[in-house]
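Each chain, written out:
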Amino acid sequence: MAKLNLNRTPLPKQKPEERVKNFNEVALGYNEDLAVKEAERCLQCPRHPCIDGCPVNNDIPGFIKAIKERNFVEAVRIMKKTNALPGICGRVCPQEKQCEIVCTLAKKNAPVAIGALERFVADWARAHPDQVPKDEIAPPTGKKVAVVGSGPAGLTCAADLAKMGHRVTIFDALHYAGGVLMYGIPEFRLPKQIVQEEVDYVASLGVEIRLDTVIGRMVTVDELLQKYDAVFLGTGAGLPMFLNIPGENLNGIYSANEFLTRVNLMKAYLFPEYDTPVKKGKRVAVIGGGNVAMDAARCAKRIGYEEVYIVYRRSKTEMPARAEEVENAEEEGIIFKFLTNPKRFIGDEKGWVKAMECYEMTLGEPDASGRRRPVPKPGSEFIMEVDAVIVALGTSPNPLVSSTTPGLETTKHGTLVTDEKTGRTKKDRVWAGGDAVTGSATVISAMGAGKRAAKDIDEWLRKM
Amino acid sequence: MHEHGKHGCSCSKEPLWPECKFQIVRKERLAQNIDLWEVTAPLIAERAKAGQFVMVRIHDKGERIPLTLADWDRGKGTITLVFMQVGKTTRQMGLLKAGDCVPDLIGPLGTPTHAEKFGTVVCVAGGVGVAPAYPVARAMKNAGNKVITVMGARTKDLLFWEDKVRTVSDEVIVTTDDGSYRRKGVVTEPLKEVLQREKVDLVFAVGPAIMMKFCALTTKPFNVKTVASLNPIMVDGTGMCGCCRVTVGTETKFACVHGPDFDAHLVDWDEFMARQRVYLEEEKLSLQLWENRLKGVQ
């Protein structure tokens, strides 16, 4: 047996002091030599636990073997079989919780850098368009499917259905396709050019993309069902949650969705070249401990806030954000205030937030989420001066579709009820997947749901 | 980054932007700095109801702004938008001509104004608010109400659509702040007189926030239900960002999905007006830079 190589090849990154001044991508990616070097570490285990750890079951040992042999064309071919959006997954998947955690080398604390290799393959494909093999598209079935939402669930479902020979139209409410990949995840984590190119790839499979179309307002799902054989709802979780505490509507308080949409989708960081502005101040508090909170904090740093705080009511161990993102935020000088929760916001005479009163928290017994429940310490209130607050507590599904579609069943959280394996909703010929079903989750779990639904829709259409 | 022909453009002439679909078929100067566009948008026209709005984005680097529908023609497949040139975006909109296209027009959005037979309805419209008031007055009239419209502007040159409003109103009262046309004063004065004069079942107000606030204060002692159509800053306009949130009674509502119409007696007007001013400095800077560039070109 070959000697184990436990030296994971580090992913080159922009230095923190440089990257906080720009919106360019933080991680720079492997070149061919680094990728081959890292690929050589893969043991090619016959049991391939990594494939089972991947929500879309990418043939990970397969593409890594091809990289090792410097057969990058083959690596791309293998990747595209299961994953229409590798450039996105390679960047934003929580590999440390999926494929890498089950890697045999993870037992030695040195899993193969699967995410970085996936990203390498995707970037290589984009740089060598002439060498990338064309996808095989099944003969036309004559069946038509409408996909609502062009985020990760919708794009994946559409791409798979198109390859199966169905005619697919994607509808999106915004003026660009990509959903949360465009409006939510910042440029420095996921360049919009890459999202656009992966959207273009989906379009190249024959998928029609209709933007600026709000399903539920302009056209209802029932009307779509008159023209399409099946409908997939990948409408995401676009509705921001607020704290519902006094002063929350003061000027200078944003939902993370608003702040990120301004910065990412509308490119407010380039104001006044771009017309949408975003306020620049001195001290901003981001409330929440998830990836969106990290994204908002790091954007705030980049647009010029001097002091950026993450205010989280639990402790570091309970934070839902990816370890890598927390580390990036720490490197960039984001200040973490754990076990802290706002009680109310205090405004100045012109209606702008100037401070927030916070509680110190302690952790009690575990709650329904399995994490220890934060409890305010009596008498612990203190004042934190801020000139902006970004509320990043999570999102719930937008009710525009569910409220205009009779027959769709929703939970009390507003998520759509589906069969987990197939994505079938309670309404005939309607499938759903992604955050619209799960509430805010990950890009890859949405893609997995899009994929499963595509498979079931295909089987159903062929039986029609 | 944008895609050619993303809307499947079928413009006959060279469009201003490559990805057009929504063509301006008619442009009209209604009053000083107030323009009208009639735009091809068959899907929106088909669905449009009084009180709803569209989001407009006029170029790749543009912002998304909400505009309440002023009219629509289902037969022609067009919608009518009226805007006042105040900032960079509306100034740029003013430069577009008939034949030009608008890359992004999204709607109809928002909950339509609730129109049923109430009895007597007073529509109060201030400034450019006359445009969105017109379809509401029409809907109220069609629902069998007696409609009294009170419309006002700062001065005569800013008034428009008096004739059009008359076709859907039983009575029209026009005011100008400076007295240059019809009655001198602000809209709340005749509003109060009407309320004193006869039984009114509903007041609908649309216009500057300060006018809507004072309409609410005027009708409150008469205990007449008053609805205001709010015009906050929006980014997406579909419930995603919460920029348009407004305190109504004890609740926070999103104007883009729960509104734009709310009970004017419950709206926190001072907060609403503060929120409208969040980006005043940036708006000024944006306009100034654009004007400088225009001058540089000339």
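Residues numbered from 1 in each chain as written. Chains lettered and ligands numbered in written order. Predicted model: local features only at pLDDT ≥ 70, side-chain atom pairs only at ≥ 80, totals over all residues. Heavy atoms only, no water.

## Concerning the packing of aromatic side chains
Rule in force here: Each Phe, Tyr or Trp ring, with Trp reduced to its six-membered ring, pairs with another whose centre is within 6.5 Å; inter-plane angles below 30 degrees give stacked pairs, above 60 give edge-to-face pairs, and intermediate values give tilted ones. Helix and strand definitions follow DSSP, with helices as H or I runs of at least four residues and strands as E runs of at least two, each counted in order from the N terminus. Remark: exposure states derive from per-residue accessible area (1.4 Å probe, protein chains only) relative to the maximum for the residue type, with buried under 20%, exposed over 50%, and partly exposed in between. Geometrically, a lysine NZ or arginine CZ counts as sitting over a ring once it is within 6 Å of the ring centre and also within 35 degrees of the ring normal.
Enumeration according to the criterion identifies 13 aromatic pairs over all chains in this entry. With a centroid separation of 6.2 Å and 90 degrees between ring planes, the pair formed by Phe242(A) and Phe254(B) is classed as edge-to-face. Note that Phe242(A) is positioned in the loop between strand E5 (239–240) and strand E6 (253–255) and Phe254(B) in strand E16 (residues 251–254), a pairing that runs across two chains. Each member of the pair, Phe242(A) together with Phe254(B), is buried. Both rings, one in Trp37(B) and one in Phe83(B), keep their centres 5.2 Å apart while their planes meet at 75 degrees; by these two values the pair is edge-to-face. Remark: Phe83(B) occurs in strand E6 (residues 78–84) and Trp37(B) occurs in strand E2 (residues 34–40); sequence separation between them is 46 residues. Phe83(B) shares its class with Trp37(B); the two are buried. Through a chain of ring-to-ring contacts, three or more aromatic side chains come together here, namely Phe23(A), Phe188(A) and Tyr269(A). In this arrangement the basic side chain of Lys80(A) is found over the ring face of Tyr201(A), its NZ or CZ atom lying 3.5 Å from the centre. Its end group placed over the ring of Trp72(B), Arg138(B) keeps NZ or CZ at 5.1 Å from the ring centre.

## Structural notes on the domain arrangement of chain B
Residue and element names in this part refer to chain B. For the record, the criterion: All the domain ranges listed were derived from an automatic or database domain assignment. By definition, residues are in contact when any of their heavy atoms lie within 4.5 Å. The buried area of a pairing is the accessible area, by a 1.4 Å probe, that goes missing from both parts when the two are put together, added over both. Between Lys or Arg on one side and Asp or Glu on the other, a salt bridge is scored when a side-chain nitrogen of the former is within 4 Å of a carboxyl oxygen of the latter.
Looking at the assigned domains, one finds that chain B contains domain 1 (24–109) and domain 2 (120–276). Look at where the C-alpha atoms of domain 1 and domain 2 centre, and you get two points 21 Å apart. The partner domain 2 presents 22 residues to the 21 residues of domain 1 that form the contact. Of the roughly 1,700 Å² buried at the junction of domain 1 and domain 2 (both faces included), carbon and sulfur atoms supply 66%. Together, Gln32, Phe53 and Asp71 form the three largest contributors to the area buried by domain 1 at its contact with domain 2, with a combined 22%. Run the count over domain 1 and domain 2 and you get two salt bridges. With its nearest N and O atoms 3.0 Å apart, the salt bridge here joins Lys164 to Asp71.

## Digging into the state of the cysteines
What counts here: Note that a disulfide, as used here, is simply two cysteine sulfur atoms within 2.5 Å.
For the structure on display, the rule yields zero disulfides over all chains. This cysteine, Cys244(B), is not joined by any disulfide, and Cys256(B) carries the nearest cysteine sulfur, 3.7 Å off.

## What about the environment of Asn142(B)?
Residues and elements named next belong to chain B. Positionally, Asn142 belongs in helix H3 (residues 130–142). Overall, Asn142 belongs to the exposed group, its relative accessible area being 64%. Remark: the alpha-carbon pair of Asn142 and Glu116, spanning 26 residues in sequence, is separated by 8.7 Å.

## Quick word on the interface of chain B and chain A
Heads up, the condition is: Definition of a polar contact: a pair of N or O atoms within 3.5 Å, with one able to donate and the other able to accept a hydrogen when the atoms are protein atoms, and with sequence-neighbouring residues admitted only if both atoms are side-chain atoms. Gly counts as polar in this scheme, as do all residues outside two lists: the nonpolar Ala, Val, Leu, Ile, Met, Phe, Trp, Tyr, Cys and Pro, and the charged Asp, Glu, Lys and Arg.
In this complex, chain B contributes 53 residues to the contact, which on the side of chain A involves 47 residues. Regarding the contact of chain B and chain A, the summed buried area is about 4,200 Å², with carbon and sulfur atoms giving 53% of it. Asp275(A) is paired through a salt bridge with Lys88(B); the nearest N and O atoms lie 2.6 Å apart. On inspection of chain B and its partner chain A, the count reaches 24 residue pairs in polar contact (both at pLDDT 80 or more). Elements supplying a minimum of two residues to the side of chain B that touches chain A: helix H1 (42–47), helix H2 (88–95), strand E8 (104–109), strand E15 (245–248), E16, helix H7 (269–276) and helix H8 (280–297) of chain B. In the side of chain B that touches chain A, the residues fall into 22 nonpolar, 15 polar and 16 charged.

## Quick notes on the side chain of Thr405(A)
Checked against the element boundaries, Thr405(A) lands in the loop between helix H15 (399–402) and strand E16 (430–432). When near neighbours in sequence (up to four residues on either side) are disregarded, Thr405(A) contacts Val221(A) and Lys427(A).

## Here's the deal with the pairing of strand E10 (residues 340–347) of chain A
The side chains of a regular strand alternate, residue by residue, between the two faces of the sheet. All names here are of chain A. Condition: By this definition, two strands are paired if DSSP reports at least two bridges between them.
As paired elements, E10 and strand E11 (residues 353–366) share seven bridges and run antiparallel to each other. Paired with Arg344 across the strands is Glu357, a residue of E11. Between E10 and E11, which pair antiparallel in sequence order, lie five residues; one of them, Gly351, sits at a positive phi of approximately 90 degrees.

## Thoughts on the packing of helix H13 (residues 291–303) of chain A against helix H14 (residues 323–331) of chain A
Residue and element names in this part refer to chain A. The cut-off we apply is this: Each axis is a line fitted through C-alpha atoms, and for a helix only the stretch in contact is used; angles between axes span 0 to 180 degrees, taken between their N-to-C directions. Reported orientations rely on four angle classes, namely roughly parallel under 35 degrees, roughly antiparallel over 145, roughly perpendicular from 65 to 115, and oblique for the rest. Put simply, a crossing is left-handed when the front helix is turned counterclockwise from the back one by less than a right angle, and right-handed when it is turned clockwise.
Put simply, H13 and H14 touch, their axes get as near as 10 Å, and they point 25 degrees apart. In this view, H13 runs roughly parallel relative to H14, as classed from their interaxial angle. In this structure, the crossing between H13 and H14 has a hand that is left-handed. Here Asn291, Met294 and Arg298 of H13 lie close against H14, whose contacting residues are Glu325, Val326, Asn328 and Ala329. Of the residues belonging to the contact of H13 with H14, the class tally is three nonpolar, two polar and two charged.

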